Amino acid sequence: MEALFEMPTPVLRPLLPLSERLLPYLRVIDSNRIYSNFGPLTRELGRRLSEHFSLPPETVVTAASGTAGLMGAILACAGRARADRPLALVPSFTFVATVAAVEACGYEVRLLDVDSESFLLDPARAVSYEAIDRVGLVVPVGAFGRPVLQSAWSEFRRKTGIEVVIDGAACFETATDAPDLLLGEIPVVMSFHATKSYATGEGGGVITTNVDLAHRTGQALNFGFHGARNSQIASINGKMSEYHAAVGLAELDGWSEKARALAGVSSAYRRHFNALGLRARFIGSPDIASCYALFRCKTLKEAREVAARLDVRAIEHRLWYGRGVHDHSYYRSLRHDGLSATEELAPLLIGLPMAPDLEEKKIREVVDALSQAFPSSARFRGRRLNDCVARSG
């Protein structure tokens, strides 16, 4: 008997390594009987990730999550907030994990606006902050995996003496493509959550070419221990388990295949949006991380209409950053000096379904549903299809 209703199309359907690929690594865990505390698989993952980014050994520190990695990096390079430098500057256009990690390290968050085209925080905006002499930390964010240049923030740090930690949660692919530009002494923190392109299920990594800082980050993620059972620095428990490292190693084994699949889905979206005359509205890989497929609306009215058309067809969608950190109930009291770009941008970027194995048929259904919000585009699509039929005849 056929189902009366079609199952919803999820906005994101992760695909991690299958059990067959995991099994050799699980057998290593069974043999070693080491499950955490920077075990052999975790160290191997750090080594292989360093190689992946064409970096020297010991430059990648694994963590239990991207949030834990962010806290470890902050504690390692800036420490907990000081009375004379209690403030941290963070863009409001980010996922709330960024602010949660910063606050957990004792800082008073001040939200800054981003550029509406790059989605990034401009160092010049941070430099001109009115209370810059009370700022102890800045956390730029690589929104949706957009690249954050080391050079610009290294110059900021040199000019101000303020420590910088880059939240590059989704920047695995951009850093892979341009490690010389995006990786360096300033720590870059990545999330390896299941929703990211490269994933360990739950996990994260801190990347810095300053090996001493990398060691200190590992120490900050392990109760402040280093060489002895003695807590020596501000710390948390943020270590990655051997089981998640096993997933990460298996993920690296199959990364080329997965990366091609994700890129293929983005290309398919572009083809279908191009047929509608809406290609310029689609944002996907390689402009952003391949785990995202975004449609940029022009107005709130248009965004509501697009959402309604997707809802009718049981197609899930999402504002990945909500309407900005400042719109979340808990964070509404955070101070800022105006967030006009964030308030305009955030509600207009609609996240569309994405998965490495998202079928062409599903992509077409998503685009067809969305196109109903644009009658002229639907007519344009009809003309294109008619032209194709005429030429084939």
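Notes on the structure in this doc start here. Keep in mind that this is a model prediction, so the values were computed, not measured.

The subject of this paragraph is the overall build of the chain. Secondary structure assignment for the chain yields 15 helices and 12 strands. Taken over C-alpha atoms, the radius of gyration comes to 22 Å for the chain, in line with the 21 Å a tight globule of 393 residues would show. For the chain, the C-alpha atoms occupy an extent of roughly 75 × 55 × 40 Å along the three principal directions. Here the chain, with 393 residues, has 52% of them falling under the buried criterion. In the chain, once contacts between residues fewer than 6 apart in sequence are set aside, the share between residues at least 24 apart is 71%. Accessible surface for the chain amounts to roughly 18100 Å². Of this, 51% is attributable to carbon and sulfur atoms. Treating the 45 positive side-chain charges of the chain as one cloud and the 44 negative ones as another, the clouds have centres 3 Å apart.

Counted by the stated rule, this structure contains 15 salt bridges. The network of salt bridges with common partners includes Glu44, Arg47 and Glu51.

For the rest of this paragraph, the subject is the sheet that holds strand E9 (residues 282–283). If you trace the 3 strands from one edge of the open sheet to the other, you get E9-E10-E12, paired in antiparallel fashion. Here the strands that pair on one side only, and so sit at the sheet edges, are E9 and strand E12 (349–351). Looking at chain direction, strand E10 (residues 294–296) and E12 are connected through 3 bridges and run antiparallel. Of the residues in E12, the one forming a bridge with Leu294 is Gly351.

Where strands meet in a sheet, backbone hydrogen bonds hold them as pairs that are either parallel or antiparallel. Pairing within the open sheet is mixed, and its 4 strands lie in the order E1-E8-E7-E6. Of all strands in the sheet, those with a lone pairing partner are strand E1 (60–63) and strand E6 (166–167), marking the two edges. Bridging between strand E7 (residues 188–191) and strand E8 (residues 204–207) involves 4 bridges; their strand directions are antiparallel. Looking at E8, one finds that Val189 is bridged to Val206.

What counts as what
Residues numbered from 1 in each chain as written. Predicted model: local features only at pLDDT ≥ 70, side-chain atom pairs only at ≥ 80, totals over all residues. Heavy atoms only, no water. Helix = DSSP H or I, 4+ residues; strand = E, 2+ residues; numbered from the N terminus. Rg over C-alpha atoms; globule rule 2.2 N^0.38 Å. Buried < 20%, exposed > 50% of the residue type's maximum accessible area, 1.4 Å probe, protein only. Contact = heavy atoms within 4.5 Å. Areas by Shrake-Rupley, 256 points an atom, 1.4 Å probe, with all protein chains shown as cover. Lys, Arg positive; Asp, Glu negative; His and termini not counted. Charge placed at Lys NZ, Arg CZ, Asp CG, Glu CD. Salt bridge = Lys/Arg side-chain N within 4 Å of Asp/Glu carboxyl O. Pairing = 2+ DSSP bridges.

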